Amino acid sequence: MGGAFTSLGGDISCMTQNPAGLGMYRYSDIGLTFDVSFRNYKNVTNRGNYSQNETQATFDNFGYVGVTNLNGAMRNFQWGFSYSRIGKFDRITSNYTDPTNTSLSNYIASYTNGVSSDNLLDVSDGPDPFESGEDWLSILAYNSFMINNTTANDRYAGLYQNGTHGDAEVFQRERGYLDEYNIDFAGNVSDVVYWGVGVGIMDLNYTLESNYSESMAGALIYDDATKNLATGNGYFNLYNWKTISGTGANIKLGVIVRPLDQLRIGIAVHTPTWMHLSHQGYGDVTQYNYTPDGTTDTNSNGYSTPDYDYKSRLTTPWRFMLGISGVVGGRAILSADYERVAYADMKMKQESGYYGSFEDNTYANEDIKNNYRAANIFRLGAEYRIDNNWSVRAGYNYQSSCVKQEAKAPGTMIYTSGTAPDYTFFGDTQNVSLGLGYHSGGWYADIAWQFTRKKGTWHAYTDFDGLRAPTAGVTDTYNNIVISTGLRF
């Protein structure tokens, strides 16, 4: 039903949305959900379409609701526990661009200008450049010869110059999930007001593995023989691996009012989730080959960062939900929800100089304010009861993009962390669903088909100095078969 359950309740999934929905229960309930997802990731560049497919099977939800019948105005008291996979980060990015019209190395050189090469160079008897406070991608590029000194005063050059022809290729895999464990309590007051309160425990895991390569003909490269810059062929592959894991907690409050038997109005508020995150990873120029024009000698080089390991804190936005639902003709249910999530209010903290303490990450928080906006979510659902056993359902879900249009505009400088310079901005997301439900006695079973599509743009790195980085149009499409079953007793 498109997830339009803010005012409906009576379903285990409402514990992730409006805990007051538990107040609708008259009997205990135990249930689980199994999901098979057929996923397609399509990239479109100036060289054509590139598509990847994968199939996943997961248990996405499990829950239990208990009910105690009372005397007096408080008719029932309910409690429940649920596990839900509320986010999946699995994606594959694969594409090819020709020509690039610039190079990642030129972008790195542009912001490295003015940095002393003494702080970048890694020599066996010298200081560790990764302790100098300079950008790690600059250090990685300088020691692998992706960027080189041009003159005095620490000016640097990338591989691309007038007359260079370059192409670029990427293969990137993302994996991960966001799970939520909910403990909720609810009550029924005179079959008119239903209240609920819950605690959500989050478990996050995200992993990125990426290979980005460029091949350049007529590039500006270092010549070992002359110890100067020369024109030739260059190729590099930048590999990145990183993982983010963490836990967090939030509080959910909700109320559903039923002024008429046929009408329900629901309101829910979620506090921010206070996340504790751990970050690990490294970057590696696995190969850099360069051949000066007029020679057949190919030189190879490579360089890797040390492993990094640090912690951060993330405060997610408040969430506000409003829903209304009604019974039509005794057999049909219509439901509508609105939700607002103020992503620009997110806050990040970084480790300070004192063990176990954190301070505001000023630059990250400024970027969040500049690039993000509130998302508006609309959910519509309908159910029609065919007879005492069978029901058919349909739903629609729309979520606006949380990224400002100014951030997506060509020429906007976007800052990324670590040595992985690429990023993807998605637009609006839409979801439609159709389902069939059966119940007999206390047992029920449901099957649904869900179709989700979202579009965006992948950027190899940010635009800089009036130059456009390689990009790809991205379309992610998911066809899900969702099977739920449970027992009320």
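Every value quoted in this text rests on a predicted model; they were computed, and no experiment measured them.

Structural notes on the nonpolar core
Core analysis: the biggest nonpolar cluster contains 36 residues, and Leu104, Tyr212 and Tyr461 have the highest contact counts within it. Only α1 (104-112), α3 (136-143), β7 (165-189), β8 (193-223), β9 (228-260), β11 (274-292) and β22 (471-488) provide two or more residues apiece to this core. The element contributing the most residues to this core is α3, with five residues. Look past the residues within four positions of leucine 104 in its chain and what remains in contact with it is Tyr212, Glu214, Phe236, Leu238, Pro421 and Tyr461.

Side note on the environment of phenylalanine 130
Tracing the backbone through its elements, the reader meets phenylalanine 130 in the loop between α2 (117-120) and α3. As for phenylalanine 130 and asparagine 119, which are separated by eleven residues in sequence, their C-alpha atoms are 8.6 Å apart.

Some words on the packing of aromatic side chains
Tallying each qualifying case throughout the model produces 28 aromatic pairs. Look at tyrosine 142 and tyrosine 156: their rings are 5.9 Å apart centre to centre, the planes differ by 90 degrees, and that puts the pair in the edge-to-face class. Placement of tyrosine 142 in helix α3 and of tyrosine 156 in strand β6 (residues 155-157) is noted, with a sequence separation of 14 residues between them. You'll find tyrosine 142 and tyrosine 156 in the same group, each marked buried.

Considerations on unusual backbone geometry
At the junction of aspartate 98 and proline 99, the peptide bond is cis and its omega measures out at 0 degrees in the coordinates. With respect to the helices and strands, proline 99 occurs in the loop between β4 (91-97) and α1. Positive phi, close to 70 degrees, is recorded for phenylalanine 145, a residue that is not glycine. If you trace the backbone, phenylalanine 145 turns up in the loop between α3 and β5 (148-151). In this structure, aspartate 191 takes a positive phi of about 55 degrees despite not being glycine. Within the secondary structure, aspartate 191 sits in the loop between β7 and β8. Residue aspartate 191 is classed as partly exposed on the basis of its relative accessible area of 22%.

A short note on the pattern of salt bridges
Applying the stated criterion across every chain, the model contains 19 salt bridges. Taking the shortest distance from any N to any O, the salt bridge between arginine 175 and aspartate 90 comes out at 3.2 Å. Of this pair, arginine 175 sits in strand β7 while aspartate 90 sits in the loop between β3 (74-88) and β4, and the two are 85 residues apart along the sequence. When its relative accessible area of 9% is taken as the criterion, aspartate 90 is described as buried. One salt bridge connects aspartate 476 with arginine 91, and the closest N-O pair in it is separated by 2.6 Å. Of this pair, aspartate 476 sits in strand β22 while arginine 91 sits in strand β4, and the two are 385 residues apart along the sequence. For the residue pair aspartate 476 and arginine 91, the accessibility class agrees, reading buried in each case. Salt bridges here are not isolated pairs; linked through shared partners, they connect Glu54, Asp90, Arg173 and Arg175.

Details of the side chain of aspartate 90
At a separation of 3.3 Å, a polar atom in the side chain of aspartate 90 contacts the side chain of glutamine 56. A distance of 3.2 Å separates a polar atom in the side chain of aspartate 90 from a polar atom in the side chain of arginine 175. Setting aside its immediate chain neighbours within four residues, aspartate 90 contacts Arg39, Tyr41, Glu54, Gln56, Glu174, Arg175 and Gly176.

Notes on the packing of α1 against α3
Contact pair α1 / α3: the axes reach a minimum separation of 10 Å and the direction vectors enclose 115 degrees. α3 is crossed by α1, and the crossing has left-handed handedness. Within the contact between the two elements, α1 uses Ile108, Tyr111 and Thr112 and α3 uses Leu137, Ser138 and Ala141. A per-class count over the contact of α1 with α3 returns four nonpolar, two polar and no charged.

The rules behind each value
- Residues numbered from 1 in each chain as written.
- Predicted model: local features only at pLDDT ≥ 70, side-chain atom pairs only at ≥ 80, totals over all residues.
- Heavy atoms only, no water.
- Core = buried A, V, L, I, M, F, W, Y, C linked by side-chain atoms within 4.5 Å.
- Buried < 20%, exposed > 50% of the residue type's maximum accessible area, 1.4 Å probe, protein only.
- Helix = DSSP H or I, 4+ residues; strand = E, 2+ residues; numbered from the N terminus.
- Contact = heavy atoms within 4.5 Å.
- Phe/Tyr/Trp six-rings, centres within 6.5 Å; stacked < 30°, edge-to-face > 60°.
- Salt bridge = Lys/Arg side-chain N within 4 Å of Asp/Glu carboxyl O.
- Polar contact = N/O pair within 3.5 Å; in protein donor to acceptor, adjacent residues only side chain to side chain.
- Axes fitted to C-alpha atoms, helices over the stretch in contact; angles between N-to-C directions.
- Left-handed = near helix turned anticlockwise from the far one by under 90°.
- Nonpolar A, V, L, I, M, F, W, Y, C, P; charged D, E, K, R; others polar.

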